[in-house]
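One letter stands for each residue in the lines below.
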Amino acid sequence: MSRKSILSSVGCSTLLCRSSTGLQPCRALRKPATSVFCSPTWCRGAKTKTVVKASSLPQGVLAPLPRDEIDTVPAKAYPTVLQQHLNNVRKFNDCVVLTRVGDFYEMYFDQVKQYAPLVNLKVAKRATVLGDVPMAGFQHTQLDRYLKMFVQDLGKQVAISEQVRLPDSERSSKAGAPMYDRKVTRVVTAGTLIDESFMDPYENNYLLAVHLEGALPAHSAHDGRSEAYERYKRTTKVGLSWVDLSSGDFYTQSSDLASLPSLAARVGPREVVLDSTMESAGQAQLQKLLGEGGYSLHYHQTTQTASSVAEWTPMLERAVPDKDQDNFTAPEIAAGSLVLDYIRNKLIDQQIQLQPPVRRSDDEYMSIDKQSLRGLEIRSTLRDGTFQGSVLHAVRHTVTKSGARLLSQRLVSPSMSLSVINNRLDLVQEMVGQDAFCEDVVALLRRTSDTLRLLQRFSIGKGDADDLLSLAKTVDVMGRLSEVLHDHIVAHQDGVVEQEEDVDLEPPELGFLWDILGRLDLQGPARVSKSIQHAIDEDGLDRRHVAEAEDQAEAEEMTDEVVSADTAGEKGPRLAKRASKTKVTTAESGPEEIWVMRRNASPTLERAHADLEKLLDLKRELARRLREQLKAESLMLKWGAQLGHYCHIKGRDAQGILSALEGARSIGSTKSTRTFYLADWTHLGVRIDDSKLRIRTEEERVFGKLRGQVVENLMKLRRNAAVLDELDVACSSATIAKERNLVRPILSEDTSHRIVGGRHPTVDAGLKAQGRVFTANDCAVGDQEKIYLITGPNMAGKSTYLRQNALITILAQTGCFVPADYAVIGLVDKIFSRVGSADNLYQDQSTFMVEMLEAAEILKQATPRSFVIMDEVGRGTTPEDGVAVGYACLHHLHHINKSRTLFATHFHALADMTRDFDALACYCTDVAEAGDGSWAYVHKLRRGVNRESHALKVARLAGLPESAMAVAAEVLADLQKERRRSAGHHSASLTALEYGPVLAVAAG
Ligand SMILES: Nc1ncnc2c1ncn2[C@@H]1O[C@H](COP(=O)(O)OP(=O)(O)OP(=O)(O)O)[C@@H](O)[C@H]1O
Ligand SMILES: [Mg+2]
């Protein structure tokens, strides 16, 4: 809040008025800062507190009212502001409506009961002729805090109704006629945040629109997992479009209904918008189609049905080239139009410029389905959903927020293009090999701001002097970076030339660095940066921040005092005293006007400052003359909100005679002070005010021009920002690679893996932190052995092994170095993992049902290029059923999917049953037991089957009571005895016979 507005607020002596029912913000206080005097308000019948100047009251005998006015007393009505609020509540019926009244945002009527307790707002009452109306509100400076609670925590939409000063032509001349209209200027929703302070800086804030071609399935088919339903899902075309308003990113993709859950999980939207025609399907079914992500769903009826990409142009920084327009499919266009229309509808008056849409397609990216994203703990942990412990946490060492967002995006959509991946890896490798270069780049990146989000503020016409300066500094850093890149390339080439004379080496290719350098376009942006730094006075800006911080602290302190005085049932006299003390601003003793533009920012500004200086000289001269004339050293030329320009003398000097002074008019005197108007000072004061106003207006003009320049360069600045993000991600990967001993993976078109000495990125780091060692393991799945069937004791590292290989694959295709000694990865199109067990009782799905649903998806979707990890499939049911299901999965994967598969199980019979699977190999982990009874896990994978689970060891480690342990040991001994006995009766081939029926079913 600016000093001025606080002071004018304080001018109305209390912040909150006490009513019989509680605290109410004072009406007078809520007058906007522009009205310094509390002008009379008169609303027939409404009990509003008014401050009326005595001079404006009718004096003498009152003239009778005209007849018709007496007869037609209007019906009772709510005060205008409440009426305006009600209208907005009706119009925006699905939103919380916050109405701006002076320095407050307020709610009234039913919404108060509904929402105030949810955000801990105190409920007060406002008296009206129609009875008390509940109200609740908060200071406008707190808007972001409450928006966070409403939008982010409670998933509401908030309509912000601002007060708009009515033009004189529209205002009634009647005293008390409303000066302001209240108009909803924006509806804030979780997916349409632009620059709110509570946004997660490390993740994109996507709004996703989904368009479905054709009708939704009939109800009978909903819960069925029938072939017909599957066919329906595969053939129903879906268009997706997602936008991050805070960065301007805009994407579209065509897909089918079956892939929708994975795509939605990858985008990770904060809000999903669907066409209003889908509302009838109901939340439950739509959530199911979207994959149970618990999305915040909203429906929207498009007001403009765009049928071509060209119609998106007004919302884009530049139009989509004609030749590219035809690439967009009809569902993509429908989804894009839906998302843009929704945004237009929510932003109302605000214009926004998005980046041209980028088309994504399924085959560009490795698909990580929803379960795998969760199960592999890519962005958050399975157990408690926290970031700490996730893969992203382990590999993120970015120094900028937008770099962190890029890494997160890449990690959930690893590339399928060898050239893209290799380009990324080249850059990482260069950073790994060139410490000093990497350090220089990181040091520079640390000095940049979140350019994409900054730019977005300019694109909607916001962005203040601080934003301009941050941008200018970032552009300077871009320039430095470009020099550093250039110098590095040149030095490198020189070095190679020298080297070439001695050694016969190929000159290393630094094409990827040239490419990056070539993408940094600095010409326009450097000019903007220069203009900004030429215009903005950083010291002035700093001083203004200090002043604002003081004002803010003062305002908060005063509010606290009022609230605590109210709680204690006191009147809060200290506040009134302080308020009356501060309500007079003095031109001499008060703070100097703080200018944020340099004087030479424009010729007009320079002239205006020179004029002001002259006037201030005149003022000093006038004061000097008056002091001399009146022999009053204490004389000051002041200005106050209520008195205007006046002169003030205090102490003994006050005894001087005013009569000698031409144009002086006394307005008050006490024993020790004297206050008077003086025509000379009044005239000069008005000229000084005018001059300051001219400076302010010119500052705003220059400011607007700078903003315009930024917007003109939006495209270049965004492109440069993208380059910075790429460098940040590469440096991050290089830093982690050096820290953790990672290697560059070799990507190939094959369908096999060859990982030597692979480690789990998070478990390895975790063990290292405890001073323990991770046992590295190899993995050569894909060539001869397409399926690894892994057995072994509990806690001996099966699950860890499965996940580490999936994660190494993902990291490799993301373009990161991987935790291994050597790794060749044949490109993987889809990663599937069936790992954790989770039930979804709410959706009527038991633990086993969830397990089977996940397994079903894998068997239906995995291709020969896919990578599948399956951990203990079938453990959620009886051993017989479990073995049957496990076998069926292996059979299907082996004969039909032919994917690379790591399959861990405690059903050892599966090893016997799959002996004739050519492409399946058995591996296991162990427990090593010493003669003295001590034992240790052997996490090293070896060929073979391990039929011992050593579960009781884990049970004892977990602290099962000794009595229970004794029972368990006894039972186990009996069972083992029983097994040995029956093994004596049955030959090995009979084991297969036991499962004969299962084999027959599976094969059939
Ligand atoms: N290769 C390894 N080197 C060192 N420690 C490991 C290794 N693999 C796993 N561990 C440790 O063992 C713990 C258990 O591993 P994991 O969950 O993979 O076992 P598991 O064989 O799947 O057990 P269960 O059969 O009970 O599911 C891990 O949390 C980790 O601390
Ligand atoms: Mg396990």
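For the rest of this paragraph, the subject is helix α29 (residues 879-897). Residues lying three or four places apart along an α-helix face the same way, a consequence of the helix completing one turn every 3.6 residues. Compared with the 27 Å implied by 1.5 Å per residue over 19 residues, the 25 Å span of α29 between its first and last C-alpha is a close match. Those residues of α29 that fall on the buried side of the exposure criterion are Gly 882, Val 883, Gly 886, Tyr 887, Cys 889, Leu 890, His 891, Leu 893, His 894 and Asn 897. With its phi angle positive at about 60°, Lys 898 sits one or two positions after the end of α29.

Next up on the list: the side chain of Asp 926. With respect to the element layout, Asp 926 can be found in strand β28 (residues 920-929). A polar contact is formed between the side chain of Asp 926 and the side chain of Arg 942, at a distance of 2.8 Å. Side chain to side chain, Asp 926 and Asn 946 meet in a polar contact 3.1 Å long. Not counting residues up to four positions away in its chain, the partners in contact with Asp 926 are Pro 793, Ala 796, Ala 936, Tyr 937, Val 938, Arg 942 and Asn 946.

In the structure shown here, the tally under the stated rule is 38 salt bridges. Notably, a salt bridge pairs Asp 764 with Arg 759, separated by 2.9 Å at the nearest N-O pair. For the pair formed by Asp 764 and Arg 759, the shared burial category is buried. With its nearest N and O atoms 3.8 Å apart, the salt bridge here joins Lys 860 to Glu 857. Residue Lys 860 and its partner Glu 857 are both found in helix α28 (residues 847-861); the two are separated by three residues, about one turn of the helix. Each of Asp 195, Arg 457, Lys 462 and Asp 467 takes part in salt bridges that share partners, so that together they form one network.

The four strands are arranged β20-β24-β21-β22 in an open sheet whose pairing can be described as mixed. This sheet does not close on itself; its edge strands, each paired only once, are β20 (746-748) and β22 (777-779). On average, adjacent strands in this sheet sit at an angle of 15° to one another, irrespective of strand direction. Here strand β21 (residues 753-758) runs beside β22; their pairing, made up of two bridges, is antiparallel.

Moving on: the packing of aromatic side chains. A full pass over the atoms with the stated rule returns eleven aromatic pairs. Both rings, one in Tyr 206 and one in Tyr 251, keep their centres 6.3 Å apart while their planes meet at 75°; by these two values the pair is edge-to-face. With Tyr 206 in strand β9 (residues 206-212) and Tyr 251 in strand β11 (residues 249-256), this pair connects stretches of sequence that are 45 residues apart. Seen from the ring of Tyr 202, Arg 396 lies directly overhead, with NZ or CZ sitting 4.6 Å from the centre.

What follows concerns the environment of Leu 678. Along the chain, Leu 678 turns up in strand β19 (residues 673-678). When its relative accessible area of 2% is taken as the criterion, Leu 678 is described as buried. Sequence-wise, Leu 678 and Leu 661 are 17 residues apart; in three dimensions their C-alpha atoms are separated by 8.4 Å. When neighbours within four sequence positions are excluded, Leu 678 is seen to be in contact with Leu 626, Cys 647, Leu 661, Glu 662, Gly 663 and Ala 664.

Near ligand 1, the surroundings consist of 16 residues, among which Thr 775, Met 795, Lys 798, Ser 799 and Thr 800 are the closest. In this structure, an oxygen atom belonging to ligand 1 sits 3.2 Å away from a main-chain N or O atom of Ala 796. A distance of 2.5 Å separates an oxygen atom of ligand 1 from a polar side-chain atom of Thr 800. Its free accessible area being 630 Å², ligand 1 has 80% of it covered by the protein chains. Among the secondary structure elements, those contributing two or more residues to the shell around ligand 1 are α26 (761-769) and α27 (798-814).

Moving on to the packing of helix α20 (residues 523-535) against helix α24 (residues 679-712). Following both chains from N to C, one finds α20 and α24 inclined at 160°, their axes separated by 10 Å at the closest point. Comparing the axis directions of α20 and α24 gives the class roughly antiparallel. For the crossing formed where α20 meets α24, the hand is left-handed. Packed against α20, whose contacting residues are Val 528, Ser 531, Ile 532 and Ala 535, the element α24 presents Val 702, Leu 706, Gln 709 and Val 710 at the interface. Split by residue class, the contact of α20 with α24 holds six nonpolar, two polar and no charged.

With respect to topology, six strands assemble into an open sheet ordered β13-β12-β9-β10-β11-β14, the strand pairing being mixed. Both edges of this open sheet fall to β13 (297-300) and β14 (358-360), since each of them pairs with a single strand only. With direction set aside, neighbouring strand axes in the sheet form an average angle of 25°. Bridge analysis of strand β10 (residues 237-244) against β11 gives eight bridges, and the strand direction is antiparallel. Note on β11: the bridge partner recorded for Ser 241 is Thr 252. Packed on one face of the sheet, helix α8 (residues 260-267) meets β9, β10 and β11 and runs near 5° to β10.

All right, on to the nonpolar core then. Met 431, Leu 727 and Leu 902 are the most contacted members of the largest nonpolar core, which has 148 residues in total. When residues of this core are assigned to their parent elements, the largest contribution, twelve residues, is made by helix α18 (residues 465-502). Phe 832, Ile 858, Val 868 and Leu 920 belong to the second largest nonpolar core, which has 25 residues in total.

Turning next to helix α14 (residues 401-412). Here α14 is twelve residues long and its end C-alpha atoms lie 17 Å apart, about the 16 Å a rise of 1.5 Å per residue gives. Where α14 begins, the side chain of Thr 400 points an oxygen toward the backbone nitrogen of Gly 403, at a separation of 2.9 Å.

A few words on the confidence of the model for the protein chain. Taken residue by residue, the protein chain gives an average pLDDT of 82. The fraction at 70 or more is 82%. Counting contacts from residues 497-507, a segment whose pLDDT is below 50, to residues more than four positions away or on other chains yields four contacts. Within the model, the stretch residues 572-587 combines pLDDT values under 50 with 31 contacts to residues more than four positions away or in other chains.

Within the element layout of this structure, Lys 953 appears in helix α31 (residues 951-957). Once residues within four sequence positions are removed from consideration, Lys 953 is found in contact with Val 927, Glu 929 and Trp 935.

Quick look at the pairing of strand β3 (residues 96-101) now. Taken across its six residues, β3 has six buried, putting it largely inside the fold. Side chains Val 96, Leu 98 and Arg 100 project from β3 onto one buried face, and the interleaved Val 97, Thr 99 and Val 101 project onto a second face that is buried too. In terms of strand pairing, β3 meets strand β7 (residues 158-165) through four bridges, oriented parallel. Counted as the bridge partner of Leu 98 is Ile 160 from β7. Pairing of β3 with strand β4 (residues 104-108) involves three bridges; the strand directions are antiparallel. Within β4, the residue paired with Thr 99 across the bridge is Glu 106.

Before going further, it helps to examine a nonpolar patch on the surface. Together, Ile 746, Val 756 and Tyr 822 make up a nonpolar patch on the protein surface, roughly 230 Å² of accessible area in all. Checked against the element boundaries, Tyr 822 lands in strand β24 (residues 822-826). By relative accessible area, which is 34% here, Tyr 822 ends up partly exposed.

A word on unusual backbone geometry. Within the chain, Asn 120 stands out as a residue other than glycine whose phi angle is a positive 60°. Note that Asn 120 resides in the loop between α4 (110-115) and β5 (124-128). Although it is not a glycine, Lys 631 sits at a positive phi angle of roughly 55°. In this structure, Lys 631 sits in the loop between α23 (603-630) and β16 (636-640). We classify Lys 631 as exposed; its relative accessible area is 69%.

Conventions we followed
Residues numbered from 1 in each chain as written. Chains lettered and ligands numbered in written order. Predicted model: local features only at pLDDT ≥ 70, side-chain atom pairs only at ≥ 80, totals over all residues. Heavy atoms only, no water. Helix = DSSP H or I, 4+ residues; strand = E, 2+ residues; numbered from the N terminus. Expected span 1.5 Å × (residues − 1). Buried < 20%, exposed > 50% of the residue type's maximum accessible area, 1.4 Å probe, protein only. Polar contact = N/O pair within 3.5 Å; in protein donor to acceptor, adjacent residues only side chain to side chain. Contact = heavy atoms within 4.5 Å. Salt bridge = Lys/Arg side-chain N within 4 Å of Asp/Glu carboxyl O. Pairing = 2+ DSSP bridges. Axes fitted to C-alpha atoms, helices over the stretch in contact; angles between N-to-C directions. Phe/Tyr/Trp six-rings, centres within 6.5 Å; stacked < 30°, edge-to-face > 60°. Lys NZ or Arg CZ within 6 Å of the ring centre and 35° of its normal. Near = heavy atom within 4 Å. Areas by Shrake-Rupley, 256 points an atom, 1.4 Å probe, with all protein chains shown as cover. Parallel < 35°, antiparallel > 145°, perpendicular 65-115°, else oblique. Left-handed = near helix turned anticlockwise from the far one by under 90°. Nonpolar A, V, L, I, M, F, W, Y, C, P; charged D, E, K, R; others polar. Core = buried A, V, L, I, M, F, W, Y, C linked by side-chain atoms within 4.5 Å. pLDDT = per-residue confidence, 0-100. Patch = residues over 30% accessible without salt bridge, like charges linked within 9 Å, V, L, I, M, F, W, Y side chains within 5 Å.

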